[in-house]
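# Structural overview
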Amino acid sequence: MSAGDWRDRGRSALERLVRASAFERVLISTAALVLSMFVGVLIILAAGRMTTCTTAATTFFGVGFCYDPFAIYDSLFLGALGDPINPLFKPLQGEFAAPFRRGWTPLNSQMAVTLRETTILIFTGLGVAIAFRAGIFNIGMQGQLVVGALATALTVLWTSSLVSGLVGTLVLIPFGLAVGALAGGLFGAIPGALKAYADANEVITTIMLNFVATSVALFLVANPFKDPESPANETVGLPDFATIPSVLYEPRDNFSIIALGIALALVGASYYLLEHTSFGYDIRTSGIQPEAAEYGGVDAARTIVSSMTLSGAIGGVGGAMYVLMILGNYQTGVPSYGFDGITVSILAGNNPLGVGFAALLFGVLKSGSIIVDVSTDVPPQLVGVLRGLIILFVAMPEFFRMIGAKFVIESDEGQAVATDGGVVEDNGGGSDE
Amino acid sequence: MEPAVHLDGITKRFPGVVANDDVDLLVERGSVHALLGENGAGKTTLMNVLYGLYEPTEGDVYVDGDGLADGDDSPHRYAQPPKRFDSPADAIDAGVGMIHQHFMLVDPMSVTENITLGNEPRKWGGLAVDSARSRDEVVDLCDRYGFDVDPDAAIEDVSVGVQQRVEILKALYRGADILILDEPTAVLTPQEVEDLFAVFEELTAQGKTIIFISHKLGEAMHAADDITVLRDGKNVGTVAADDVTREQLAEMMVGREVLETVDKPPVERGESVLTVDHVSATDERGVEAVSDVSFTVHEGEVFGIAGVDGNGQSELIEAITGLRKPTAGSVAFQRDDITNWPRQRRIDEGMAYIPEDRHERGLVMDFDLTENGLLGSQHTPPFAESGRIEWDRARTHAQDIIDEYDVRPPNRDAKASSFSGGNQQKFIVGREFERDPSLVVATHPTRGVDIGSTEFIHDRLLDLRSNGKAVLLVSSKLEEVQGLSDRLAVMHDGEIMDVVDPETVTEEEIGLLMAGEQLPEDSAARSLTEAGDRSVAAGGESQ
């Protein structure tokens, strides 16, 4: 094998990946998931040999291991769903006959944790994806989420004295979400405007604005808006009617199916926006080929500002949901939903429809990690490694697609593969005449 | 005959494409050999095989700069075994050098540094570059081959023609006996082209072998000893340049007879459509690229702008089409001053624009043709109604362009990137013409396009003119601007040197103007500078 051959092979493999159909991409992702678990099993076994324990958790070929990989993955995935079926690999107990645990319902509280995480991640993932499609790397999602959350918590708290009861819920929830969108949107518009009119790199400005957001929020919640009766840095709690009612699930699960519904509706809306509107066309064109967008009459500056505003607004709604559905007030120490949203978006190939699935995978992993922690002796660090492996494996093919798309297009132009050379075999259309 | 290169039955396949199909190429030592063919004929692929960038799927490469000797007892046909090049480095070792279309030079570094880069003579045990010796070596090299190049000049300060010579010197410095040049004349003025061909003669006189890629008949006949024509990846034939006519070559290239002359019906010139008034503009680096340019384009007129690439044409056109803000002056379109109009409004008001760079601007490479057909109309009814895109109409529109303008997609729903250059260009031309424009700004509309498509695009431009539309045509192909234009402006260094009658001006005179000089007093060419245009005679700098 010579270098030239390898290069050709690498190039055609990359091309194959770039041109993969949606179905093939799902297959690739599934295969990557399985592969990551294979590698994970090996790591768990190796870690299990290196640890000392009194009784082996599992035994293979007469060798005892401290951690049972199958039990871990069982807890990680099925545990996140509230353990719908019994562990797959316990042949000694002979329980294959009754796979579904008696009395299992999808309305269990662990499922609620999974879906709750999924919901928030859909918002942040969508926000990042839309900016990404416009060619903007919005790392400031976390800050936009925090600003949206804080603004919602404060305004809903102030206005909740004006209304009450069911009317209060019907008025305050949409109002709170709108405030979150507005605040997040304005906060997203800042780096957008800086990029559009002052040529400031959005990666730098959004990272810095994350610190601004969290620090200002900390100051406000620690000082003027602090709940005087709480030792923690948090605002006064919202009245119950001002939080999103949980339907089907227990109120203590902090999950509302309505919120998930709104998130899914936003997935559809984002897809429609990108694929079926003039604004979406502008966004997509700016994202993949800004020079062509400019040629096609797209106002680059306006598109940057408006897509960043939209991105921040969606993140702000996520923050509002976090307050209205999960916390019931604003507390410092917001989980890294915004940063996870970046990974969710990459995992989804920046496609809004994929964001739902990617967010679900994240939700499952987050919630499943809790179960692994509780039900096995495995240290949380190892669980983190397993989660990281899964995300890395599933995200890599998409990542290579994103890089490859650029590479393949470039090679098409220059001393190219398909266009430089003569005849396309299946029909004569590739040749010039 | 003693061949220096023998490509024996070369086939190169890429996934789904046969770029070269059983091509034989025999190049005599000490000769200039032209590789002629349309775009996509497989010329560059074949040379990349010879240069070690690609490994052939089938076939053998025999190379020897001193000539291939026949071998009687050898299992091969020559005394030398076939070469296996894994990389250009192997090819260079075997004495094959390639000068690419885009120069691979480091702009701020000197000529000497560029020539010796990577092979510098060392001193202090290899720790430092021996710059004195490298300079001497470069001077020797220049003397030996009669090159007039300043070894100390920085690349960014010398002309494109000199840069090309530096590339050739670079290959010679590395011991190349066989030089491959990919479209060497594309970037040169007519005078520089002549100089290049003189260099060819000097090199072949000293035993070097030259292969150059071209799709221009004239220069192949003029400069080469032998011409090999490729079509659709196959060798159509090798002929001696002296024994063949232009018509025969053209027929070999396209497989049918080609009419090269443009038939231009007389058209009544109407109202002014575009008036450029004392416009100046700067390039990306902020350096003035267009200086005080004025001209007017009328209905039923093709106004041509000739000039070597990079003399301000791109910046001028961008200032007119709204992609660049002029630093001074104004642009009027129909009855409006459009100097500050956004690009979208210019499109909406009927200014069509075939951009110079179809990969960067004209098409979104990752979009299919339906999406690309929408570019520029994405906010305009009937394709968009209240912010919503009517994809059905867009699809029909794209299909109409494909049918009408003979665009041949490799498959349905193919992305723009998978189209050949000619088909991409035809699609852009179709999209812009279908806007029903009152002005078409066409920059290099046939660059990289084969003869058949070129003819087609020329006909369409003249149709527009016959229908009373205005056409502003920029091209670095002289025969194109000269053949199509009613009036021809020549640009040099950001200024319009003169506006002349393309019928009466000679190619040499255009060459003079392109090089920044004035027409001689006794020139028969009629100057067509209008009252509204800038008076060249009064304000010319070179006087």
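Residues numbered from 1 in each chain as written. Chains lettered and ligands numbered in written order. Predicted model: local features only at pLDDT ≥ 70, side-chain atom pairs only at ≥ 80, totals over all residues. Heavy atoms only, no water.

Along chain B, the regular secondary structure elements total 18 helices and 23 strands. Taking 24 Å as the expected radius of gyration for a compact globule of 543 residues, we find that chain B reaches 25 Å, a close match to that expectation. Along the longest, intermediate and shortest principal axes, the C-alpha atoms of chain B span 80 × 55 × 50 Å. Per-residue burial for chain B yields a buried fraction of 57% across its 543 residues. Long-range contacts, defined as pairs at least 24 residues apart, comprise 67% of the intrachain contacts of chain B with a sequence gap of at least 6. (Helix = DSSP H or I, 4+ residues; strand = E, 2+ residues; numbered from the N terminus. Rg over C-alpha atoms; globule rule 2.2 N^0.38 Å. Buried < 20%, exposed > 50% of the residue type's maximum accessible area, 1.4 Å probe, protein only. Contact = heavy atoms within 4.5 Å.)

Glancing now at the overall build of chain A. Across its full length, chain A carries 14 helices and 3 strands. Taken over 433 residues, chain A has a buried fraction of 51%. Pairs at least 24 residues apart make up 74% of the contacts formed inside chain A by residues separated by at least 6 positions.

Attention now moves to the sheet that holds strand E5 (residues 96-99) of chain B. Residue and element names in this part refer to chain B. Read across the open sheet, the 6 strands follow the order E5-E8-E9-E3-E10-E11; overall the sheet is mixed. The sheet is open, and its two borders are formed by E5 and strand E11 (234-240), each paired with just one other strand. When the angles between neighbouring strand axes are averaged without regard to direction, this sheet yields 20°. As defined by bridge partners, strand E10 (residues 226-231) adjoins E11 across 6 bridges and the pair is classed as antiparallel. When the bridges of E11 are listed, Thr228 appears paired with Thr238. Where helix H6 (residues 190-205) meets the sheet, it contacts strand E3 (32-36), strand E8 (178-182) and strand E9 (209-214), and its direction lies at approximately 150° from that of E9. (Pairing = 2+ DSSP bridges. Axes fitted to C-alpha atoms, helices over the stretch in contact; angles between N-to-C directions.)

The subject of this paragraph is the environment of B:Gly146. Residue and element names in this part refer to chain B. Structurally, Gly146 is set in the loop between helix H4 (131-145) and helix H5 (160-173). A relative accessible area of 60% means that Gly146 is categorised as exposed. For the pair formed by Gly146 and Val199, sequence separation is 53 residues and the distance between their alpha carbons is 7.9 Å.

On to helix H7 (residues 202-222) of chain A. Residue and element names in this part refer to chain A. Here H7 spans 29 Å end to end across 21 residues, near enough to the 30 Å set by a 1.5 Å rise per residue. Residues Glu202, Thr205, Thr206, Leu209, Asn210, Ala213, Ala217 and Val221 constitute the buried set of H7. Buried residues along H7 cover an arc of 150° about the axis, so they all sit on one side. (Expected span 1.5 Å × (residues − 1). Arc of directions from axis to C-beta.)

It is worth spelling out the domain arrangement of chain A at this point. All names here are of chain A. By the assigned domains, chain A splits into domain 1 (22-67 + 384-411) and domain 2 (109-378). Relative to domain 2, the C-alpha centre of domain 1 lies at a distance of 29 Å. Each partner contributes to the interface: domain 1 provides 9 residues, whereas domain 2 provides 13 residues. In total, domain 1 and domain 2 occlude about 1,100 Å² of area from one another, counting both sides; carbon and sulfur atoms represent 79% of this. Taken as a group, Arg387, Ile391 and Met402 account for 47% of the area that domain 1 buries against domain 2, more than any other trio of residues on that side. If you look at where domain 1 meets domain 2, you find 0 residue pairs in polar contact (both at pLDDT 80 or more). (Domains from an automatic or database assignment. Buried area = accessible area lost by both parts, 1.4 Å probe. Polar contact = N/O pair within 3.5 Å; in protein donor to acceptor, adjacent residues only side chain to side chain.)

A word on the domain arrangement of chain B. Residue and element names in this part refer to chain B. Entries for chain B in the domain assignment read domain 1 (102-159), domain 2 (270-350 + 438-543) and domain 3 (360-436). Inter-centroid distance (C-alpha atoms) of domain 2 to domain 3 is 27 Å. On the side of domain 3, 13 residues touch domain 2, which itself brings 18 residues to the contact. For the pair domain 2 and domain 3, the two sides together bury roughly 1,300 Å², of which 61% comes from carbon and sulfur. Of all residues in domain 2, the largest losses of buried area upon contact with domain 3 belong to Ile347, Phe456 and Arg460, amounting jointly to 33% of the total for that side. Inspection of the domain 2/domain 3 interface yields 2 salt bridges. With its nearest N and O atoms 3.9 Å apart, the salt bridge here joins Glu318 to Arg361. (Salt bridge = Lys/Arg side-chain N within 4 Å of Asp/Glu carboxyl O.)

Let us now look at the environment of B:Thr282. All names here are of chain B. Along the polypeptide, Thr282 turns up in strand E12 (residues 272-282). The spatial distance from the C-alpha of Thr282 to the C-alpha of Pro265 is 38 Å, given a sequence separation of 17 residues. When near neighbours in sequence (up to four residues on either side) are disregarded, Thr282 contacts Val287, Glu288, Ala289, Glu315, Arg324 and Thr327.

Our next topic: the pairing of strand E15 (residues 328-333) of chain B. Residues and elements named next belong to chain B. Pairing geometry for E12 and E15, over 5 bridges, is antiparallel. Within E15, the residue paired with Leu274 across the bridge is Phe333. Pairing of E15 with strand E16 (residues 336-337), which is carried by 2 bridges, proceeds in the antiparallel orientation. Within the sheet, the bridge partner assigned to Phe333 lies in E16 and is Asp336.

To continue, consider the packing of aromatic side chains. Counted under the stated rule, the structure contains 13 aromatic pairs over all chains. With centroids separated by 5.5 Å and ring planes inclined at 55°, the aromatic side chains of A:Tyr295 and B:Tyr353 adopt a geometry described as tilted. Placement of A:Tyr295 in helix H10 (residues 290-295) and of B:Tyr353 in strand E17 (residues 351-354) is noted, with the two residues assigned to different chains. Accessibility expressed as a relative area gives 3% for B:Tyr353, which makes it buried. Plain terms: the ring middles of A:Tyr322 and A:Tyr337 are 5.5 Å apart, the flat faces sit at 65° to each other, and that makes the pair edge-to-face. Of this pair, A:Tyr322 sits in helix H11 (residues 300-327) while A:Tyr337 is found in helix H12 (residues 337-347), placing the two residues 15 residues apart along the sequence. Residues A:Tyr322 and A:Tyr337 agree in their burial class; the two are buried. One aromatic cluster is present, built from ring pairs that chain together B:Phe197, B:Phe200 and B:Phe212. Above the face of the B:Trp124 ring, B:Lys123 is positioned so that its terminal group lies 5.2 Å from the ring centre. B:Arg345 extends its terminal NZ or CZ atom over the ring of B:Trp341, reaching a point 3.8 Å from the ring centre. (Phe/Tyr/Trp six-rings, centres within 6.5 Å; stacked < 30°, edge-to-face > 60°. Lys NZ or Arg CZ within 6 Å of the ring centre and 35° of its normal.)

Residues and elements named next belong to chain B. Across chain B, the average pLDDT comes to 84, with 93% of residues at or above 70. Per-residue pLDDT stays below 50 along residues 534-543; that stretch engages in 16 contacts with residues further than four places along the chain or on separate chains. Reported confidences for the modelled complex are a pTM of 0.72 and an ipTM of 0.77. (pLDDT = per-residue confidence, 0-100.)

With that settled, consider helix H17 (residues 507-514) of chain B. Listed as buried for H17(B) are B:Glu509, B:Ile510, B:Gly511, B:Leu513 and B:Met514. Following H17(B) by one or two positions, B:Gly516 has its phi on the positive side, about 95°.

Moving on to the sheet that holds strand E14 (residues 301-306) of chain B. Residues and elements named next belong to chain B. An order of E17-E20-E21-E14-E22-E23 is seen for the 6 strands of this open sheet, with the pairing classed as mixed. Strands at the two margins of the open sheet, each flanked by one partner only, are E17 and strand E23 (495-500). Each adjacent strand pair in this sheet contributes to an overall mean axis angle of 15°, direction not counted. Two strands pair when backbone bridges link them, and strand E20 (residues 439-443) and strand E21 (residues 470-474) are joined in this way by 5 bridges, in the parallel orientation.

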